[in-house]
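# Reading the structure
Residue strings, one per chain:
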Amino acid sequence: MSVRNLEHLFAPGSVALVGASERPGSLGATLLHNLLAGGFKGEVWPVNPKYTELSGRRCYASVAELPQAPSLAVICTPPATVPAIVRQLGERGTRAAVVLSQGLVDARRGGRSLRQAMLDAAHPYLLRLLGPNSAGLLTPGLGLNASVATSGALPGRIAFVSQSGALMVGVLDWARTRGIGFSHFIALGDAADVDLGDVLDYLASDGATGAILLYLQDLRYARKFMSAARAAARSKPVLVLKAGREEDDAPAAASESGALAHHDDVFDAAIRRAGMLRVYTTDQLFSAAETLAYARPLHGERLAIVSNGAGPGVLARDALAYGGGVEAQFASSTIDRLDALLAPRWRRGNVVNLQGGAPPALYRETLEILLQDPQVDAVLAIQSPTATVSSRDVADAIAPLVRSASKTLLSCWLGGAAVAEARAIASGARLPAFRTPEDAVAGFLQLVHYRRNQNLLMEVPPSMAGTVAPDRAAARALVREAIAAGRYLLSDPETKAILRTYGMAVVETRQAATVDEAVQAAQNIGYPVAVKILTPDVMHKSDFGGVTLDIDSPEGVRAAAKRMTKRLGELFPQARFEGYSVQAMARSSNAHELIVGAALDPVFGPVIVFGQGGVTVEVTDDHAVGLPPLNLVLARDLVDRTRVARLLAGYRNRPAVNMDAVLASLVQVSRMVADIPEIVELDLNPLLADSRGTTVLDARMRLALADRSGSTLDRLAIRPYPRELEETIEWNGGTLLLRPIRPEDGPAHLAFFDALTPDDVRYRMFVRIRELQPSQLARFTQIDYDREMAFIATRPNAQGVAETLAVGRVVADPDNISAEFAVTVRSDLKGMGLGKIMMQKLIDYCRSRGTREIVGEALPQNSRITGLAKRMGFTVKSTGLEGMREMRLVL
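Remember, it's a predicted structure, so these values are computed and weren't measured experimentally.

Right, let's talk about the sheet that holds strand 24 (residues 509-512) for a bit. The antiparallel open sheet is built from four strands, whose spatial order is 24-27-25-26. Where the open sheet ends on each side, the last strands, each with one partner, are strand 24 and strand 26 (547-551). On average, each strand axis in the sheet is inclined to that of its neighbour by 20°, with strand direction left out of account. Each of strand 24, strand 25 (529-533) and strand 27 (580-584) touches helix 20 (residues 515-525); the most contacted strand, strand 27, lies at about 15° to it.

Here is the structure:
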């Protein structure tokens, strides 16, 4: 991931167009016209040896003849010429280029593609390349149109990033007719160098961009994308329109989890996990961007509806119910106030019908009452044009409420020309304005979904106290043993042996190679038992009689085993026979059959599957997919996205299941997948869940040799907790554990903050803060281990509860050149060496990652940290900004 030199790409001071032309319809002529017509204030230099002048400007024969190095070069020459041009630009000092030329991937020279030759030419000069096969870019605020778009773009605060050049041209024209402006419009092309992750990193810190819209067709680097997306989504809305929802030629899966984990479901899970919002049409993309930009943050999901007619209000209510929204139930005080205002016309319905002749003042007073109701989170005002009341007057009356309201107010102006002016007034006041009740409700539901996704980034998970610590060494040994024996599809008993190492409850199971061994296994377990045939070649064994339940005698075991062996040979003569699985019968009249599993997505790597299980798992199609690693909050979200979740909560005389046990099963499977890279598919189906807990009845696992080219964790789209960085040290007559912070450390981190003196808080935060807000706590404890690191020094207190004594934090830039540090020691423990311990831990960590320098800032009064920094080799100097101290250590 790198943002280096991207400022030259997106905010250049000058542009050279290499391949400029005057031939009508040519790429060079189109680009030259767009560059000159856009109002760009910097120099524009055409380059083409065929001309001495183009469009009244001198045309240069080569890059070498340019008066100075251009900030940005735009290249539209034949593919074979591109590598040499890139090298010339790099030699001249240019640090960014847009390559519109096509065909560099297929064309080859000297045993390598022209694409690779282009990259090799750029690399020595750190010259960043957008493309090839890009449709260009626009920065309307600078008047820059370095694209093939037939029309320019209006300036605005929306950045649009597209993997389709054709869509770029169409969207620009569509947006211009609707008055939608952009901070940047970027067509990635083949993304040989500058890719989606790089652009997201740049836009996340771009002050001119208020929202980011993405049009995606495919992803190549899931880890990089997820890291950049999670960072961007914390600072501004990121919306995604993804094409290609149906899969072509999806490989056959060896497990039910693999069959259930469709790629589009996985992509959906990634968007949720990153805190972004997915939409499904271009219209929704821009509508959601406007709504998110204008609306107040939602604190709940309850919508109140006000209309001047029954029909539009009912349509909105129906759309809300159909979309799974929540209708506000008014507080009694609100009903009393509405009674006084609207009687006798109001019928106390949840949709407030003001009726056709409602004057502007009545609209305003009604909305003011509803916006003050503690049981209302957002209000939708619908206005249909009437002959007696001007829609413009209604807009003038309610638009000012946006400035004073603490809650979201939405508007719908039903009609065309008659309400156009009212709609414009609303938009001008930053009041989201929709054309139909259904569109307005859809906009509200987008806010709801966005809030839920953002909450996943912010919610601090509870500790998993009482969960059995996995015996990772034993699990890995079992996996290595199976692979050494050439067994990659593990049987039910083999899989359960691995599950037991992670503390998961499994039904007692024995593997038998012969009928006699099966009889002996049944006697050892105790009757009744279930007997299942073992074969890696048939997934659904019950379909051919390969499963027999409730056997209560040796004769029954013998007969069942012989019968299923015969059926296997008759129906599947090529199938391998590997013996029998004999299990104790698990009985629970109130148990639910669930599926918990894992599968390997070709882009995002391992994914976790949860849903309704049993033999009908693929027919019921009730499942959800999530990305590991999971914590209890993420596991709960995974469960809540299924229909079976409502059954698990209990109904009629059926008790609720032990949800803690269900969530623990999901978290343990997530840990297993992160710990053991050889696992590519896993099925626990069924996993029986009732009020007492969970038990695995049947399980199967598929293994593959792990990729040893890099870290075994690189296959995960989100880096899991780096356990390898844990370190136990001696301190003050006892032991301390130095380890990376975890989301579950929220309560201990809050206690740590509360133990700091006001001055120590100010030294760390640079301002006085009395208490940490939930969003701040989440930001400190839920970190992206790929981009930042926070180490804590922890030990058990007198009650045996882990307490945090010190925190050392370092955040690197996307290029890993510079990392900013902070060290905080609990106020009552200062002067005991903890600061030095944490600082050394940070220095060692940064050295191991190849970070070039560590930097930090301190208030002039914070002599302890500046003194420590000097003793550890930092240079410390005053910056002149209110006496702030700058600390720097070159590594």
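Between its terminal C-alpha atoms helix 13 (residues 360-371) stretches 17 Å, which fits the 16 Å expected from 12 residues at 1.5 Å a residue. By the burial criterion, the buried members of helix 13 are Leu362, Tyr363, Thr366, Leu367, Ile369, Leu370 and Leu371.

On inspection of all chains with the given rule, the structure shows 42 salt bridges. Between arginine 128 and aspartate 198 there is a salt bridge, with the nearest N and O atoms lying 3.3 Å from each other. Of this pair, arginine 128 sits in strand 9 (residues 128-130) while aspartate 198 sits in helix 6 (residues 196-204), placing them 70 residues apart in sequence. With a relative accessible area of 7%, arginine 128 lands in the buried category.

Taken together, the side chains of Asp283, Asp318, Glu438 and Asp439 make up a negatively charged region of the molecular surface. Position of aspartate 318 relative to the elements: it lies in helix 11 (residues 310-322).

For the rest of this paragraph, the subject is the layout of surface pockets. Reported here for the second largest pocket is a volume of approximately 1,200 Å³. As for the second largest pocket, its lining consists of 39 residues, of which Asp268, Arg272, Tyr280, His449 and Arg452 are closest to the centre. Every element with two or more residues in the lining of the second largest pocket is listed here: helix 9 (263-274), strand 16 (277-279), helix 11, helix 17 (437-458), strand 30 (623-626) and helix 23 (632-640). The dominant element in the lining of the second largest pocket, judged by the number of residues it contributes, is helix 17, at nine residues. When the residues that make up the lining of the second largest pocket are grouped by side-chain class, the tally is 13 nonpolar, nine polar and 17 charged.

Counting residues in each nonpolar core, the largest one holds 66 residues, and the members touching the most others are Leu9, Leu200, Leu214, Phe225 and Phe604. The element that contributes the greatest number of residues to this core is helix 7 (residues 222-235), accounting for seven residues.

All told, the structure shown has four cavities of 30 Å³ or more when counted by the stated rule. By volume, the largest cavity is sized at about 130 Å³. Lining of the largest cavity is provided by 13 residues; of these, His749, Phe752, Arg764, Phe780 and Thr824 occupy positions nearest its centre. Roughly 100 Å³ of internal volume is contained in the second largest cavity. Lining the second largest cavity are Ala269, Arg272, Arg273, Leu456, Val625, Gly626, Leu627, Leu630, Leu634, Asp637, Leu638 and Arg641. Broken down by secondary-structure element, the contributors of at least two residues to the lining of the second largest cavity are helix 9, strand 30 and helix 23. Grouping the amino acids of the lining of the second largest cavity by side-chain chemistry returns seven nonpolar, one polar and four charged.

Before going further, it helps to examine the sheet that holds strand 14 (residues 211-216). Taken in spatial order, the seven strands line up as 11-10-13-12-14-15-16 in an open sheet, and their pairing is mixed. Of all strands in the sheet, those bounded by a partner on one side alone are strand 11 (144-147) and strand 16. For this sheet, the mean inter-axis angle between neighbouring strands, taken without regard to orientation, is 25°. As judged from the three bridges shared by strand 15 (residues 238-242) and strand 16, these two strands associate in the parallel manner. Residue pairing for strand 16: leucine 241 is matched across the bridge by valine 279. With respect to the sheet, helix 9 is in contact with strand 14, strand 15 and strand 16, its orientation differing from that of strand 16 by roughly 140°.

What follows is about the packing of helix 14 (residues 391-398) against helix 16 (residues 417-428). For the pair helix 14 and helix 16, interaxial distance at closest approach is 8 Å and the crossing angle is 15°. Taken together, the axis directions place helix 14 and helix 16 in an arrangement best described as roughly parallel. In this structure, helix 14 meets helix 16 at a crossing whose hand is right-handed. Residues Ser391, Arg392, Ala395 and Asp396 of helix 14 touch helix 16, and the partners they reach there are Ala418, Val419, Glu421, Ala422 and Ile425. Of the residues that constitute the contact of helix 14 with helix 16, the class distribution is five nonpolar, one polar and three charged.

Enumeration according to the criterion identifies 12 aromatic pairs in this entry. A centroid spacing of 5.1 Å and a plane angle of 40° characterise the contact between tryptophan 174 and phenylalanine 286, whose relative ring orientation is tilted. Taken together, the positions of tryptophan 174 in helix 5 (residues 165-177) and phenylalanine 286 in helix 10 (residues 282-294) put the pair 112 residues apart, joining distant regions of the chain. Residues tyrosine 721 and tyrosine 785 carry aromatic rings whose centres are separated by 6.1 Å and whose planes lie at 75° to one another, so their mutual orientation is edge-to-face. Of this pair, tyrosine 721 sits in the loop between strand 33 (699-703) and strand 34 (727-731) while tyrosine 785 sits in the loop between helix 28 (774-781) and strand 36 (788-796), and the two are 64 residues apart along the sequence. Take tyrosine 721: its relative accessible area is 12%, and that puts it in the buried class. By the ring-pair criterion, three or more aromatic residues cluster together here, those being Phe160, Trp174, Phe182, Phe185 and Phe286. For arginine 742, the ring lying beneath its charged end belongs to tyrosine 721, and the centroid distance is 5.2 Å.

Sheet analysis places strand 39 (residues 853-858) next to strand 41 (residues 885-890), joined by six bridges and oriented antiparallel. Bridged to isoleucine 854 within strand 41 is leucine 889. As judged from the four bridges shared by strand 40 (residues 875-878) and strand 41, these two strands associate in the antiparallel manner. In the sheet register, serine 878 faces strand 41, and the bridge partner there is arginine 885.

Rules of the game
Residues numbered from 1 in each chain as written. Predicted model: local features only at pLDDT ≥ 70, side-chain atom pairs only at ≥ 80, totals over all residues. Heavy atoms only, no water. Pairing = 2+ DSSP bridges. Helix = DSSP H or I, 4+ residues; strand = E, 2+ residues; numbered from the N terminus. Axes fitted to C-alpha atoms, helices over the stretch in contact; angles between N-to-C directions. Contact = heavy atoms within 4.5 Å. Expected span 1.5 Å × (residues − 1). Buried < 20%, exposed > 50% of the residue type's maximum accessible area, 1.4 Å probe, protein only. Salt bridge = Lys/Arg side-chain N within 4 Å of Asp/Glu carboxyl O. Patch = residues over 30% accessible without salt bridge, like charges linked within 9 Å, V, L, I, M, F, W, Y side chains within 5 Å. Areas by Shrake-Rupley, 256 points an atom, 1.4 Å probe, with all protein chains shown as cover. Lys, Arg positive; Asp, Glu negative; His and termini not counted. Charge placed at Lys NZ, Arg CZ, Asp CG, Glu CD. 1 Å grid on protein atoms, 1.4 Å probe; cavity = no way out; pocket = protein on both sides within 12 Å on 5 of 7 lines; lining within 4 Å. Points joined across faces, edges and corners; volume = space filled by probe spheres on them. Nonpolar A, V, L, I, M, F, W, Y, C, P; charged D, E, K, R; others polar. Core = buried A, V, L, I, M, F, W, Y, C linked by side-chain atoms within 4.5 Å. Parallel < 35°, antiparallel > 145°, perpendicular 65-115°, else oblique. Left-handed = near helix turned anticlockwise from the far one by under 90°. Phe/Tyr/Trp six-rings, centres within 6.5 Å; stacked < 30°, edge-to-face > 60°. Lys NZ or Arg CZ within 6 Å of the ring centre and 35° of its normal.

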